[in-house]
Amino acid sequence: PSLSCRAQLHSFTWHAGSTLPHTRRHQSFISRAAPHDVGGARHLEAADVPADAPMTAWELEAHSLMVALSAKRVISTDELRRAIEALPTDAYVGWGYYEKWSAAIATLLQEKQLLKPGELEAVLFGDVGAAAKLEPRFSPGEHVTVRSEEAARTSWRRPHLRTPGYVHGATGTIERLCGRFGDPALLAYGVCGPQQFLYRVRFAKQDLWEEEEPSLDTVDVEVYEGWLLPAASAAPKPTSLQRSSSTRPGAQPQLQPLREHRCDALDVSGQVDSSGAQHHGAHEHEHVHLRRQIEAEAVEAEGEARPGSALHEALVTILVDKGQVVREELQRIGEKMMMAGRELPAASLVARAWLDDGFKRRLLADAPSAAAELGIDTRNPNAPTQLTVVANDAETHNLVVCTL
């Protein structure tokens, strides 16, 4: 017999010979579920399970930031979940665990007016209130290509778009300059950025819809200058906040231990001859070569820039400047988390229950009280959860999972 021990969110109990219920009604429900609601989704049975990866430095700090804000009653775990569920589907599916945390924290801080409109954008992208361009970039008759949504400057939330999707990536001709207006993508979030030139762009109808027969029909669409590129340069490089299609979703730079510098293995002191001159020779060359190798490996381990890491850094910068948190505070919380991961208190509870039938009964009846006997505090500082322990036997196997 074994014990399953963790803060319980959802649990399923299977008895010998039983199978997971699967009905037509259940299929219908799953088809309408939000992207975060994957419990019972049959299409995931054959999905690859991502390999575990060590937590990176910024991810540890992101977790610490949430703990600090929760302790100060700024953000609750329930609010964090709700904000994560509200992310665009592409972001929810493609972003890593702590990338979604950072995006949700940013949204909540803005909702609570702890971040002013445009404040985060200024750190991420530079001053969005910079002076507007005085002259239009394009003239009537020029060929232009509309950016794709992914190529436009993106943020951590669903963008407000005024450029219809059916012209994304299409090439057309400037028909006229309509004037200069406020950027609706910024105005939608209360940010008064520089005005943008607005153009009327003419497209051949068959260029927008492949099923159309060739004709002289055209479609005119008004597009802001920020969405347009000269037709010959329509493949801009993604910014640091955009996901590359070649980036493995969730791939993160890993925390690697520093290699020990063994002076007895690599003599860097050099040799001194009778004249007092120092000669490093091959040893110095080996030292430089090893150092370059270590630096190259460190850079490679960092991987490609991820959207959430840049967002997290911007959040911490702003919150530190405002006095909401201090970096030393986040470091202390992170160190405490790392120590908790090494102590494995849940394993201690299970091991004690294996050896002590009386403790096992108390643990199953009242897990928090039984854990307190061993000096283990089961309270969650971020949410009002309660630890529940269940026992497996020859006929019953409990699987405790989080499906929401």
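Quantities reported herein were computed from a predicted structural model and do not represent experimental measurements.

**A closer look at the overall build of the protein chain**
Stage number 1. For the protein chain, the helix and strand inventory stands at 14 helices and eleven strands.
Stage number 2. The buried share of the protein chain, taken over its 404 residues, is 32%.
Stage number 3. The long-range fraction of contacts in the protein chain, counting pairs at least 24 apart against all pairs at least 6 apart in sequence, stands at 74%.
Stage number 4. Of the accessible surface of the protein chain, which amounts to about 25,000 Å², a share of 53% is contributed by carbon and sulfur atoms.

**A few points about the packing of aromatic side chains**
Stage number 1. One pass over the full model with this rule turns up five aromatic pairs.
Stage number 2. Considering the side-chain rings of Tyr97 and Trp101, the 5.5 Å spacing of their centres and the 40° angle between planes classify their relative orientation as tilted. Of this pair, Tyr97 and Trp101 both sit in helix H5 (residues 97-111), four residues apart, roughly one helical turn.
Stage number 3. Note on Trp101: relative accessible area 10%, which makes it buried.
Stage number 4. Aromatic side chains Phe138 and Tyr199 sit 5.8 Å apart centroid to centroid with 75° between the ring planes, which places their arrangement in the edge-to-face category. Of this pair, Phe138 sits in the loop between helix H6 (119-125) and strand S3 (143-146) while Tyr199 sits in strand S5 (residues 196-204), placing them 61 residues apart in sequence.

**A word on the side chain of Thr77**
Stage number 1. Tracing the backbone through its elements, the reader meets Thr77 in helix H3 (residues 77-85).
Stage number 2. Contacts of Thr77, omitting those with residues within four sequence positions, involve Met66, Asn382 and Ala383.

**Here's the deal with the pattern of salt bridges**
Stage number 1. Taken as a whole and assessed by the stated rule, the structure comprises 15 salt bridges.
Stage number 2. Where Glu373 meets Arg362, a salt bridge forms, and the shortest distance between an N and an O atom there is 2.9 Å. One end of the pair, Glu373, is in helix H14 (residues 367-373); the other, Arg362, is in helix H13 (residues 357-365), and eleven residues separate them in sequence.
Stage number 3. Look at Arg362 and you get partly exposed, because its relative accessible area is 37%.
Stage number 4. Counted as one network, the salt bridges with shared partners bring together Glu175, Arg176, Arg202 and Asp220.

**Concerning the sheet that holds S3**
Stage number 1. Spatially, S6-S5-S4-S3-S7 is the arrangement adopted by the five strands of the open sheet, whose pairing is antiparallel. At either margin of the open sheet sits one strand with a lone partner, and together these are strand S6 (218-224) and strand S7 (228-230). Mean inter-strand twist for the sheet, computed between neighbouring axes without regard to direction, equals 45°.

**Thoughts on the packing of H3 against H5**
Stage number 1. Contact pair H3 / H5: the axes reach a minimum separation of 8 Å and the direction vectors enclose 105°. The angle between the axes of H3 and H5 places the two elements in the roughly perpendicular class. Across the interface between the two elements, Glu79, Leu80, Arg82, Ala83 and Ile84 from H3 touch Lys100, Trp101, Ala104, Ile105, Leu108 and Glu111 from H5.
Stage number 2. For the contact of H3 with H5, a count of residues per class yields seven nonpolar, no polar and four charged.

**Looking at the environment of Gly118**
Stage number 1. Counting through the fold element by element, Gly118 comes out in the loop between H5 and H6.
Stage number 2. A C-alpha to C-alpha distance of 8.4 Å links Gly118 and Gly193, two positions 75 residues apart in sequence.

**Focus: the confidence of the model for the protein chain**
Stage number 1. In the predicted model, the protein chain carries a mean pLDDT of 75, and the fraction of residues at 70 or more is 67%.
Stage number 2. H13 holds the highest mean pLDDT among the elements of the protein chain, 96, whereas strand S8 (residues 271-272) holds the lowest, 41.
Stage number 3. Of the regions scoring below 50 in pLDDT, residues 22-31 engages in eight contacts with residues more than four places distant in sequence or in other chains.

**Observations regarding the pairing of strand S4 (residues 171-181)**
Stage number 1. For S3 and S4, the ladder comprises three bridges, and the chain directions are antiparallel. If you follow His143 over to S4, its bridge partner there is Thr173.
Stage number 2. In this sheet, S5 lies alongside S4 in antiparallel orientation, the contact comprising seven bridges. Bridge pairing in S5 places Phe181 opposite Gln196.

Criteria and thresholds
- Within any chain, residue numbers begin from 1 and follow the written order of that chain's sequence.
- Owing to the predicted nature of the model, reporting of local features is limited to residues with pLDDT of at least 70; listing and counting of side-chain atom pairs is limited to 80 or more, with chain, interface and lining totals taken over all residues.
- Each side-chain value is derived from all of the structure's non-hydrogen atoms; neither hydrogens nor water enter the calculation.
- For helices the rule is a DSSP run of H or I covering at least 4 residues; for strands it is a run of E covering at least 2, with both sets numbered from the N terminus onward.
- A 1.4 Å probe rolled over the protein chains alone gives each residue an accessible area, and that area as a share of the maximum for its type sets the label: buried under 20%, exposed over 50%, partly exposed in between.
- A contact between two residues is defined here by any heavy atoms of the two lying within 4.5 Å.
- Areas reported as accessible are Shrake-Rupley estimates using a 1.4 Å probe. Residue values count occlusion only from the protein chains shown.
- Two rings from Phe, Tyr or Trp (for Trp, the six-membered ring) form a pair when their centres are within 6.5 Å of each other. A pair whose planes differ by under 30 degrees is stacked, one over 60 is edge-to-face, and the rest are tilted.
- Any Lys or Arg side-chain nitrogen located within 4 Å of an Asp or Glu carboxyl oxygen qualifies as a salt bridge.
- At least two bridges found by DSSP between two strands is the condition for calling them paired.
- Under this scheme, a helix contributes an axis fitted over its contacting stretch, all axes are lines through C-alpha atoms, and angles between N-to-C directions fall in the 0 to 180 degree range.
- Each angle receives one of four descriptions, namely roughly parallel if under 35 degrees, roughly antiparallel if over 145, roughly perpendicular if within 65 to 115, and oblique otherwise.
- Residue classes follow a fixed rule: Ala, Val, Leu, Ile, Met, Phe, Trp, Tyr, Cys and Pro count as nonpolar, while Asp, Glu, Lys and Arg count as charged, and any other residue, Gly among them, counts as polar.
- One confidence number per residue, pLDDT, is output by the predictor and ranges from 0 to 100.

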